[in-house]
Amino acid sequence: MGQREKEAQNPEQAPGYELSAQSLTPGPTRKMPPSASAMDFFQLFVPDNVLKNMVVQTNMYAKKFQERFGSDGAWAEVTLTEMKAFLGYMISTSISHCESVLSIWSGGFYSNRSLALVMSQARFEKILKYFHVVAFRSSQTTHGLYKVQPFLDSLQNGFDSAFRPSQTQVLHEPLIDEDPVFIATCTERELRKRKKRKFSLWVRQCSSTGFIIQIYVHLKEGGGPDGLDALKNKPQLHSMVARSLCRNAAGKNYIIFTGPSITSLTLFEELEKQEIYCCGLLSPRKSDCTGLPPSMLSNPATPPARGQHRIKMKGNMSLICWYNKGPFRFLTNAYSPVQQGVIIKRKTGEIPCPLAVEAFAAHLSYICKYDDKYSKYFISHKPNKTWQQVFWFAISIAINNAYILYKMSDAYHVKRYSRAQFGERLVRELLGLEEASPAH
């Protein structure tokens, strides 16, 4: 960083901020009819050809399994209708928040007679036993997620083609709720038995709508250039995650907000060369502070007044140290440090701050609201296999994205479903209990 402090700069935002790449309003790229059903929105991301592939792969796996371990007289090849019902049962756990999908047939509190009549529990358990997205490893495959990667790729294509994101986006790990009832009631032994996830899930998310633009799954175990053993510290890992999540964003003048673990001068300069601009919270403890002036990372002996700030600059990059109840540091090349903003607090009123601080707080609060609203709708089923855990998380994200598109469509003005009602409609349509209207 250069030693120029509070140096004047063109008071516009970052280079490229005013460019026309994002002049279009964020939202759906395709107009859905007012009669479109929950299923129509879901199938923008998980169309029939993807479901048919699951049918083929599941039947192939069942055949191979029985050749190896003996025939299963109770098995019959799964059909597309049954595969949709199977998904519907799993998705129902995101609405009821029951720990086990088998509760549907139990006769207990979480039982659902109308759903239970569509398929027997025995048949459901057989499909669950053999369910696969990719039945066999190809000779070229070394990736630990090979059993789910084609589905993730297909999902990504669906996200890319169905939605146009806003210019401002956030990189983060979405909050995935554990079922609070289960956590409160289960014994310590059951909690210990519950295995920790062997992967971390990161997303690039549109900060004005909450739509998740891109998913990145990082396996916590394994060798290779992406394995944790090849990455010596968390900032190095998180920089790699950020590069992966931004690989489709080059040249679009996006502004990306990041947390302390991702924020670094090296990464921001690298992304700026791709016309991706950043604004990140910086922590001397959690961030990679290589190349940043030590004088800005240490706290002064006498704390400044609330709302005061110091700035150091290097080219378009600004390091801002802003004081509220303590020092908050931001690194940005997306906003000029001389542009002023305010943070509004209920009790203390307005606190002056650089525009970058106001923008960061606004976009982060939006993501917190998204987490509060949507994290409770992740599928509760907890399989042991890592690829299946990833698959159900991805399906949950696809449904949340489908609901966001629904809320931005004419169909929402016809019937204003809540997120829970939308999920219930989707389950019933997948099980064939409601006729999904064709979106034509």
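If you're wondering where the values come from, they're calculated on a predicted model, not measured in any experiment. Each chain has its residues counted from 1, following the order in which its sequence is written. The predicted origin of the model limits local features to residues at a pLDDT of at least 70 and limits the giving and counting of side-chain atom pairs to 80 or more, whereas totals for whole chains, interfaces and linings rest on all residues. By convention in this description, side-chain values take in all heavy atoms of the structure and omit both hydrogens and water.

Points about the packing of aromatic side chains
Link 1 in the chain: Aromatic pairing here means that ring centres of Phe, Tyr or Trp (its six-membered ring) are within 6.5 Å. Orientation follows from the plane angle: under 30 degrees is stacked, over 60 is edge-to-face, and everything else is tilted. This model, assessed by the stated rule, comprises 33 aromatic pairs.
Link 2 in the chain: When the centroid spacing of 5.9 Å and the interplanar angle of 25 degrees are considered together, the rings of F131 and W392 count as stacked. One end of the pair, F131, is in the loop between α5 (121-130) and α6 (149-162); the other, W392, is in helix α13 (residues 386-407), and 261 residues separate them in sequence.
Link 3 in the chain: Categorising residues by exposure relies on relative accessible area from a 1.4 Å probe, with only protein chains included: less than 20% of the type maximum marks a residue as buried, more than 50% marks it as exposed, and the intermediate range marks it as partly exposed. By relative accessible area, F131 is classed as buried at 2%. Strands here are runs of E lasting at least two residues and helices are runs of H or I lasting at least four, both read from the DSSP assignment and numbered beginning at the N terminus.

Notes on the environment of N248
Link 1 in the chain: Its place among the elements puts N248 in the loop between α9 (234-245) and β7 (255-258).
Link 2 in the chain: For N248 and Q214, which are 34 residues apart along the polypeptide, the C-alpha to C-alpha distance reads 9.0 Å.
Link 3 in the chain: The contact criterion used throughout is that any non-hydrogen atoms of two residues lie within 4.5 Å. If we skip the residues at most four places from it in the chain, N248 touches D160, R204 and Q214.

Side note on the packing of helix α12 (residues 355-374) against α13
Relative orientation and spacing of two packed helices are given, respectively, by the angle between their axes and the distance between those axes.
Link 1 in the chain: Running from N to C, α12 and α13 cross one another at 110 degrees; their axes reach a closest spacing of 12 Å. Classified by the angle between their axes, α12 and α13 sit roughly perpendicular to one another. Every residue of α13 that contacts α12 at Y370, K373 and Y374 is listed here: N400, Y403, I404 and K407.
Link 2 in the chain: Residues that form the contact of α12 with α13 fall into these classes: 4 nonpolar, 1 polar and 2 charged. Only the stretch in contact is used when fitting a helix axis, every axis being a line fitted to C-alpha atoms; angles between N-to-C directions are given from 0 to 180 degrees. Any angle that is under 35 degrees is reported as roughly parallel, and any over 145 degrees as roughly antiparallel; angles of 65 to 115 degrees are reported as roughly perpendicular and all others as oblique. Classification convention: Asp, Glu, Lys, Arg as charged; Ala, Val, Leu, Ile, Met, Phe, Trp, Tyr, Cys, Pro as nonpolar; all other residues, Gly among them, as polar.

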